[in-house]
Amino acid sequence: MLTARLIVLSLVFSAPIAAAAQEADTLGAARVWSVSRRPVVKPAEEVFLPAVTGAPTRIDAVLRRFSGVQVKDYGGIGGLKTVNVRSLGSEHVGIFLDGIQIDNAQNMQVDVGRFSTDGIGTVALFPGQKSRRLQSAKEYASGAAVHLDSARPSREDGSGGRVRLRGGSFGTVNPSILWDKALCRELTLRTGAEFIGSNGRYRYPYFDTTLVRENGDIRSLRLEATLFGRFRHGDGMLRVYSYGSERGFPGPVIRRAAGFPFSAERQSDQDFFVQGGYELDWTPRYATALKFKYANDYLHYDTHPERNPMALPYDLHFRQRSAYVSLAQSYIPADPWSVDLSTDVQRNTLQSDVGHFVTPVRTTFVGALATRRAGERFRVAAHIVYLGARDAFNTPQAGGWTRENRYRDAWMPSLCLFYAPAEGIEADIFAKRSYRMPSFNDLYYAQMGNSNLEPESAMQFGGSIRFNGERGPWRWEGRLSPYINRVENKIVAIPTSSQFRWTMLNIGKVDIRGCDAKADIALHREGWDLGLCLRYAFQQALDHTKPGSQTYGNQIPYIPRHSGNADLEAGWKGWSLRWSATFTGERWSRAANIPDYYIRPWVLCDASLFKKIPLPSFQNRLETPSLEVGLNCGNIFDTPYQIVQGYPMPGFNILLSVEFSW
Amino acid sequence: MLCGSLALYACHTDPVPEAPSKDSALTGTKVDVAGIPSGIRKIFVLNEGGMGANNATLDFLRVSDGNYITGAFKKMNPAEGAGLGDVGNDIVVIGDEVWIVVNNSGIVEVLSAKDETEIAAITIPTPRNIAFDEHYAYVTSWAGAFAQYTYDDKGGVTLTDFKNPKGQVYRINLETKKIDGQVEVGWQPEGIACYNGRLYVANSGGIACSLPPDYAYDKTVSVIDVKSFKVTKTLEVEINLKSVCSDNAGNIYVTTFGNFATIHSGLYMIDTRNGDAVKKIGDYVSAMTIFGQTVFCIGNENELDWSAPRVYKGWSCTKGVKGAFSLPVNCANLHGIIALDADTFLTGDAGDYFNPGSVTLYHKGSISWTVPSGVCPGHFAIW
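Summary of the structure given here. (Residues numbered from 1 in each chain as written. Chains lettered and ligands numbered in written order. Predicted model: local features only at pLDDT ≥ 70, side-chain atom pairs only at ≥ 80, totals over all residues. Heavy atoms only, no water.)

## Quick word on the packing of aromatic side chains
Inference 1: Within this structure, the stated rule accounts for 21 aromatic pairs over all chains.
Inference 2: Measuring from centroid to centroid gives 6.0 Å for phenylalanine 231 of chain A and tyrosine 278 of chain A, while their planes differ by 50 degrees, and the two rings are tilted. Of this pair, phenylalanine 231 of chain A sits in the loop between strand E13 (218-230) and strand E14 (234-248) while tyrosine 278 of chain A sits in strand E15 (residues 266-281), and the two are 47 residues apart along the sequence.
Inference 3: Where tryptophan 99 of chain B meets phenylalanine 132 of chain B, the ring centres are 5.3 Å apart and the plane angle is 85 degrees; that geometry is what we call edge-to-face. Linking tryptophan 99 of chain B in strand E6 (residues 97-102) with phenylalanine 132 of chain B in strand E9 (residues 127-132), this pair joins segments that are 33 residues apart in sequence. The same class applies to tryptophan 99 of chain B and to phenylalanine 132 of chain B, which are both buried.
Inference 4: Members of the aromatic cluster, each reached through a chain of ring pairs, are Phe115, Tyr241 and Phe273 of chain A.
Inference 5: The positively charged end of lysine 42 of chain B is found above the aromatic ring belonging to phenylalanine 60 of chain B, 4.6 Å away from the centroid. (Phe/Tyr/Trp six-rings, centres within 6.5 Å; stacked < 30°, edge-to-face > 60°. Helix = DSSP H or I, 4+ residues; strand = E, 2+ residues; numbered from the N terminus. Buried < 20%, exposed > 50% of the residue type's maximum accessible area, 1.4 Å probe, protein only. Lys NZ or Arg CZ within 6 Å of the ring centre and 35° of its normal.)

## Some details on the sheet that holds strand E4 (residues 93-97) of chain A
Residue and element names in this part refer to chain A.
Inference 1: Here five strands make up an open sheet; going across it, the order is E1-E6-E7-E4-E5 and the pairing mixed. Only two strands of the sheet have a single partner each, and these edge strands are strand E1 (45-48) and strand E5 (100-101).
Inference 2: Sheet topology note: the E1/strand E6 (residues 120-126) ladder contains four bridges and is antiparallel. Note on E6: the bridge partner recorded for valine 47 is valine 123. (Pairing = 2+ DSSP bridges.)

## Focus: the pattern of salt bridges
Pairing between side chains of opposite charge can happen when the charged atoms of each approach one another.
Residues and elements named next belong to chain A.
Inference 1: According to the stated counting rule, one finds 65 salt bridges over all chains in the structure shown.
Inference 2: The closest approach of N and O atoms between arginine 436 and aspartate 442, which form a salt bridge, is 3.0 Å. For the pair formed by arginine 436 and aspartate 442, the shared burial category is buried.
Inference 3: Via salt bridges that share partners, Arg58, Asp98, Asp118, Arg162, Arg164, Glu194, Arg222, Glu224, Arg239 and Glu659 belong to a single interconnected network. (Salt bridge = Lys/Arg side-chain N within 4 Å of Asp/Glu carboxyl O.)

## Observations concerning the nonpolar core
Inference 1: Counting 30 residues, the largest nonpolar core has Leu63, Ile95 and Val123 of chain A as the members making the most contacts within it.
Inference 2: Elements that contribute at least two residues to this core include exactly helix H3 (59-63), strand E2 (69-73), strand E3 (81-85), E4, E6, strand E7 (144-150) and E14 of chain A. (Core = buried A, V, L, I, M, F, W, Y, C linked by side-chain atoms within 4.5 Å.)

## Some details on the interface of chain B and chain A
Often the size quoted for an interface is simply the accessible area lost on bringing the parts together.
Inference 1: Of the residues lining the interface, 64 residues belong to chain B; the matching set on chain A comes to 55 residues.
Inference 2: Carbon and sulfur atoms make up 59% of the surface buried where chain B meets chain A, a total of about 4900 Å² over both sides.
Inference 3: Along the contact surface separating chain B from chain A lie three salt bridges.
Inference 4: Mapped onto the side of chain B that touches chain A, the elements with two or more residues apiece are strand E7 (107-112), strand E8 (118-123), strand E11 (146-151) and strand E29 (356-363) of chain B.
Inference 5: The element contributing the most residues to the side of chain B that touches chain A is E11 of chain B, with four residues.
Inference 6: Looking at the side of chain B that touches chain A, its residues break down into 29 nonpolar, 23 polar and 12 charged. (Contact = heavy atoms within 4.5 Å. Buried area = accessible area lost by both parts, 1.4 Å probe. Nonpolar A, V, L, I, M, F, W, Y, C, P; charged D, E, K, R; others polar.)

The structure is reproduced here in structure tokens:
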């Protein structure tokens with residue numbers, strides 16, 4: 001791809017190029033219709049990673065910069081990292097890899113910290129609806145979505161690769177390799193491997209003294225292989241992925257008697273999936289996309305009471321299996337008008353040795369009918385999605401209950417409008433209703449579950465005004481996106497008449513009003529580049545569950561009313577310097593917004609310096625190999641902060657990296 | 001039963017008018033003390049907090065001026081930066097000392113009842129509840145409970161090592177504040193009471209019910225002889241036992257939680273004069289308190305249907321005979337109750353269990369006042 005050679009300073013300017021490149025990729029030899037070329041919905045944020053020098057190596061680090069996104073981070077390399085978008089819980093946020101959802105039927109939380117940016121091209125955020133030709137029904141059904149799309153092998157001769165070694169604070173060692181090899185004219189094989197080891201030890205303030213985080217170590221190994229195919233009338237991809245890890249959970253920071261550790265909990269995972277997709281243009285007007293996935297995830301959680309007398313003695317094992325097939329069809333009766341029908345079927349099972357476990361089997365059907373008309377200036381898309389899930393049980397009787405098979409379903413309509421009144425100005429609005437099914441834990445977990453739960457619903461309204469332009473060496477872009485979300489039937493854990501037996505109920509209501517804003521300006525002159533990107537998010541997320549209660553009308557836990565970040569970048573002759581500041585305003589860890597649960601605002605500064613050194617070409621290849629050396633400094637001012645109460649984040653840390661690509 | 005030498009000692013050394021207590025500057029919500037029986041100086045309220053949130057707090061009502069003061073531990077012990085700790089599970093006043101069991105901190109905290117300052121912090125793994133005799137405190141503990149097993153691909157479980165899955169009772173010397181003995185009881189022991197040289201320990205099996213090989217609750221009361229400090233008898237009652245109290249007239253009362261699905265919560269009586277015979281008194285007990293020889297129970301009529309609103313009904317029991325008792329409990333989630341006399345009750349409402357709850361005084365069948373408390377007010381003690 002052309003763009004790979006350009007040093008594009010700011011993340012944002014890569015977006016249009018990436019989108020254009022991707023369209024050219026996916027359409028192959030078929031005629032390019034206007035309805036395919038003109039998006040009705042643009043992502044709120046999009047980054048084309050290969051164009052960024054010193055790009056983050058973990059997905060969570062990319063998402064953290066996005067306006068409207070909150071990454072809930074429990075600290076350390078092994079700590080859980082989940083994504084909230086516009087005050088919607090992480091259960092509403094779908095994470096898609098090449099259009100196929102990475103899901104977790106057990107608790108509907110995806111740990112984005114596990115996913116590497118190796119081989120990823122674009123990372124895009126859709127806070128409302130995504131509307132593209134040939135997307136799967138689940139892509140329509142997700143309340144908000146993060147899309148990770150592989151970078152297609154770029155080299156003219158289809159071969160190339162990259163070896164990288166990173167290491168630094170917390171005893172971190174992180175070697176990885178990515179290697180593309182053209183098998184024939186149509187097929188390229190990409191293989192990747194990565195190891196992460198870290199002792200997870202860092203100092204943090206413990207009330208009036210300083211302690212070191214213990215039992216936060218991790219070892220993980222990722223192995224994957226992807227086969228990319230490009231044929232005359234279609235594109236295909238087949239990926240085999242395996243991830244294994246063994247880690248400790250350091251536990252919340254609490255008062256603990258001397259001599260007892262905070263935690264000795266360990267977890268090991270073995271995740272495997274194989275997924276693939278094939279897009280085929282049957283006629284210039286009719287195309288299909290077939291996608292499938294099989295995933296098998298094993299988890300072992302052990303509190304190790306023999307090492308920690310304070311531990312509750314749990315030693316639990318879980319195995320999730322998921323099989324998924326999607327068929328999307330798109331027809332263009334008259335350009336720029338298209339009609340799409342997508343149908344997905346998925347089957348999830350969860351096995352466990354938790355006491356009285358019912359071993360649920362969920363069969364989900366998602367159907368989506370979509371139509372869009374993409375004029376030059378005015379564009380519209382309408383979608384209707386049906387979501388149905390049937391739960392059955394391999395062991396229907398457990399713990400005194402008989403679980404009855406249940407069918408839950410929901411209709412989710414959405415409408416998107418786009419208007420471009422003049423060059424460089426665009427506006428869009430959308431309205432959407434979405435649901436998330438209760439997770440297996442919500443329904444069936446032995447000490448919590450309530451099998452009478454209904455899906456949790458989110459009503460979303462939003463709009464954006466965008467502008468961009470350039471004059472001489474200057475380029476700028478801006479966006480302002482107000483929105484209103486309303487969450488109803490929110491699934492909330494409350495105890496039964498005994499505090500020993502909790503349950504989940506559909507009782508929560510949250511009203512969210514917010515606005516994301518972004519401004520980006522870049523200067524490109526002979527030999528050097530400067531860029532400044534500012535983002536701000538306002539989120540008022542009020543608990544409206546029970547009028548008259550002490551939490552009614554208060555900000556819901558952990559959502560800052562004000563947050564934002566600033567990125568300053570400079571590039572000169574292969575050098576790239578980046579300075580980032582992140583601000584999170586005051587928050588509360590409970591809906592009771594009282595001083596006891598107040599979390600102070602914090603500002604975090606990171607910096608990085610990278611140098612890319614071109615090396616002499618060899619074997620007469622078109623692309624020259626290069627060496628990239630980088631230094632990342634995190635939390636430069638050693639600011640103590642917490643994202644989740646009781647889970648201190650690391651102070652000043654450094655990571656060095658050396659990367660050779662050919 | 002709890003007084004003993006400490007109270008006498010305290011009286012003996014304070015013949016002159018007391019100097020103002022160090023906590024006299026603390027003020028809180030003013031409440032009406034009418035109805036609170038004379039002789040009560042302070043009522044302590046232990047707020048459990050949430051597991052892992054480190055927000056157990058101690059409130060108290062100073063009867064002399066009607067101040068309800070929240071967060072007293074932190075205010076009076078600023079040097080203990082981490083506060084009272086994680087999950088306050090039991091509180092008892094003995095003499096001029098307040099003993100607080102902080103479950104997930106592994107600490108039994110001993111405070112001065114006069115000014116809430118720390119006297120000692122005793123380390124005990126996963127402590128749950130506490131009882132006393134003249135020389136010792138006895139603390140139930142879940143520690144030591146673990147089993148090891150392997151899981152195969154077909155879902156089968158093989159027990160590879162089954163080590164001491166039972167809980168303990170720790171004995172603490174009241175003078176030295178040091179542990180001087182422990183004895184193994186049943187699975188996840190909870191409530192404990194001392195009567196006539198014997199300890200009665202309720203074993204819940206609250207964790208064992210989700211562990212192999214049996215996946216079962218415990219259903220026994222362990223009886224410990226105080227002199228030999230050995231379990232002399234194990235009484236079978238009902239599954240998932242919770243609280244124990246003594247009427248000091250030969251009857252021991254035990255509450256159960258049931259299994260939350262088919263078996264109701266209930267109250268059982270152990271007749272110590274009749275060979276520890278076990279007798280069922282009645283169903284529906286969410287919270288229990290004893291005054292004199294009468295046990296007051298509040299139960300939720302909809303306890304097996306968690307989606308249904310709580311319908312709290314009261315009943316009582318004297319010497320094994322069920323009697324009437326009504327209290328207009330107006331709670332989202334009743335979490336604790338204490339009888340100040342037969343006509344005056346304090347209840348703790350845990351609300352949604354995440355946010356601060358409230359404490360309400362009932363006098364002669366009507367509400368006198370309600371004040372905001374800490375999170376999950378569940379345990380009370382009178383000084």
